[in-house]
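Reading the structure
Letter by letter, the chains look like this.
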Amino acid sequence: MTDGREGPLVVTIDGPAGSGKSTTAKEVARRLGFRHLDSGALYRAMTVAVMRADIPEGEWDTLDREALSQFEVELAPTEEGFLVLVRGKDPGEDLRSVETTRLAPFLARNRWVRQNLTEFQRSALSFGDLVVDGRDMGTIVFPNAGLKVFLTASLEERSRRRLLQEGKPLDEKSIRQEALRISKRDETDTDRAVAPLKKPMDALEIDTTDLSFETQVVRIVAVALALTREATEK
Ligand code: C5P
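**So, the overall build of the chain**
Helix and strand counts for the chain stand at nine helices and seven strands. Taken against the 2.2 N^0.38 rule, which gives 17 Å for 234 residues, the C-alpha radius of gyration of the chain at 18 Å falls within 12% of a compact globule. Dimensions of the chain, computed from the C-alpha atoms along their principal axes, are close to 55 × 45 × 30 Å. Split by element, the accessible area of the chain, about 11,900 Å² in all, is 51% carbon and sulfur. Put simply, the chain has 35 plus and 40 minus side-chain charges, and the middle of one group is 2 Å from the middle of the other.

Shown next as C-alpha cells:
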C-alpha cells in the first residue's frame, strides 16, 4: 500500500504503559494487511539478555555499542510480524515477566541501546508496510510516518486492563498497586534524556478510557484507509 510517499507506509502507535498499544497495533496491522512490530518487545529482549549476563543494574547506563553486540538480540520476520530472539532463541516467558517489565525502562534510557534498537526497527521497513507501537515511534524512529497515533487512557483504566490481561483480581487494592507500578514506569520513560515518551506533534490522539477495543481499532483503520485513498486519488 502507498500513501503517495516513497516506500512503505508506516502507522505509528505510541502511548504510555498499559494504553493498549500492542494489542491495538496488532489488530490494526491484521486488518490493513501490514506487518506489526512491537518495539517494546525489543527493549524487553535486550533487558532479558542483560539480566541473563548478570550485569548489575548499576552498570546498565555505562553499556556501550561494543558491549551491546555480545547480547545478540535479533528480529526474525514471521508472516504477521516479527519475533524477537536472544542468542537465536525465543526468550519465552522471561520477555513479559514482572522483573523484565520493571527493569526495561532503566535499560531503555541508555542511548546506545536506543540507537541499536532504532536501527533494528528501521530495518523492519525492508519487509514492507508496518504498524509499529512503542514510546518514540512517531517522534524519533519514524518521524515521516504516514499516520501517527497517540493512545491514552486514565491511569485507573490502564491498571484495570493490565490486571485483566494478566488474569489477576480487579479489587481496589490491586488496581491501586498496579497504578503505582504503571506510573513509575511512565515517569522513567517520560523523564529520560534520550527519546522520552511524548506525543508526536502531528499525532492523532485517542483517549480510549471509554472506548471499546473494536471502536478504537476501527477508528485507526478508517484514518489509515482514508489516507491511502486520498493519496491514490491525487
Ligand atoms: O511497551 P512495553 O511495555 O513492552 O515496553 C517495555 C519498556 O520498553 C517500556 O517501559 C519502555 O521503557 C521501553 N520502550 C521504550 N521505547 C519504545 C518501546 C519500549 O523505551 N519504543
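Having seen the structure, we can now continue with the description.
**Brief notes about the site of the ligand**
Around the ligand, 16 residues are found, and the nearest of them are Arg-44, Arg-114, Asp-136, Arg-185 and Asp-189. Within the contact set of the ligand, an oxygen atom lies 2.7 Å away from a side-chain nitrogen or oxygen of Arg-44. Arg-185 is positioned such that a nitrogen or oxygen atom in its side chain is 2.9 Å from an oxygen atom of the ligand. Elements that contribute at least two residues to the shell around the ligand include exactly helix H2 (39-52), helix H4 (98-107) and helix H8 (172-191). Among the elements that take part in the shell around the ligand, H2 stands out by supplying four residues, more than any other. Classifying every residue of the shell around the ligand by side-chain character gives five nonpolar, three polar and eight charged.

Conventions and cut-offs
- Here the residue index of a chain counts from 1 through its sequence in written order.
- Local features in this predicted model are restricted to residues whose pLDDT is 70 or higher, and side-chain atom pairs enter the listing and the counts only when it is 80 or higher, whereas totals over whole chains, interfaces and linings include all residues.
- Side-chain numbers here rest on the full set of heavy atoms in the structure, without hydrogens or water.
- Each helix is a run of DSSP H or I of at least 4 residues and each strand a run of E of at least 2, with the numbering of both proceeding from the N terminus.
- We compute the radius of gyration over the C-alpha atoms and compare it with the globule rule, which gives 2.2 Å times the number of residues raised to the power 0.38.
- Residue-level accessible areas treat just the shown protein chains as cover; the underlying method is Shrake-Rupley with a 1.4 Å probe.
- Positive: Lys, Arg. Negative: Asp, Glu. His and the chain ends are not part of the count.
- A single reference atom marks each charge: NZ on Lys, CZ on Arg, CG on Asp, CD on Glu.
- Think of it this way: one heavy atom of a residue within 4 Å of a molecule or strand is enough to make that residue near it.
- Identification of polar contacts relies on pairs of N or O atoms within 3.5 Å, with a donor-acceptor requirement for protein atoms, meaning one able to donate a hydrogen and the other able to accept it, and with residues adjacent in sequence counted only if both atoms are side-chain atoms.
- Polar here means any residue other than Ala, Val, Leu, Ile, Met, Phe, Trp, Tyr, Cys and Pro, which are nonpolar, and Asp, Glu, Lys and Arg, which are charged; Gly is therefore polar.

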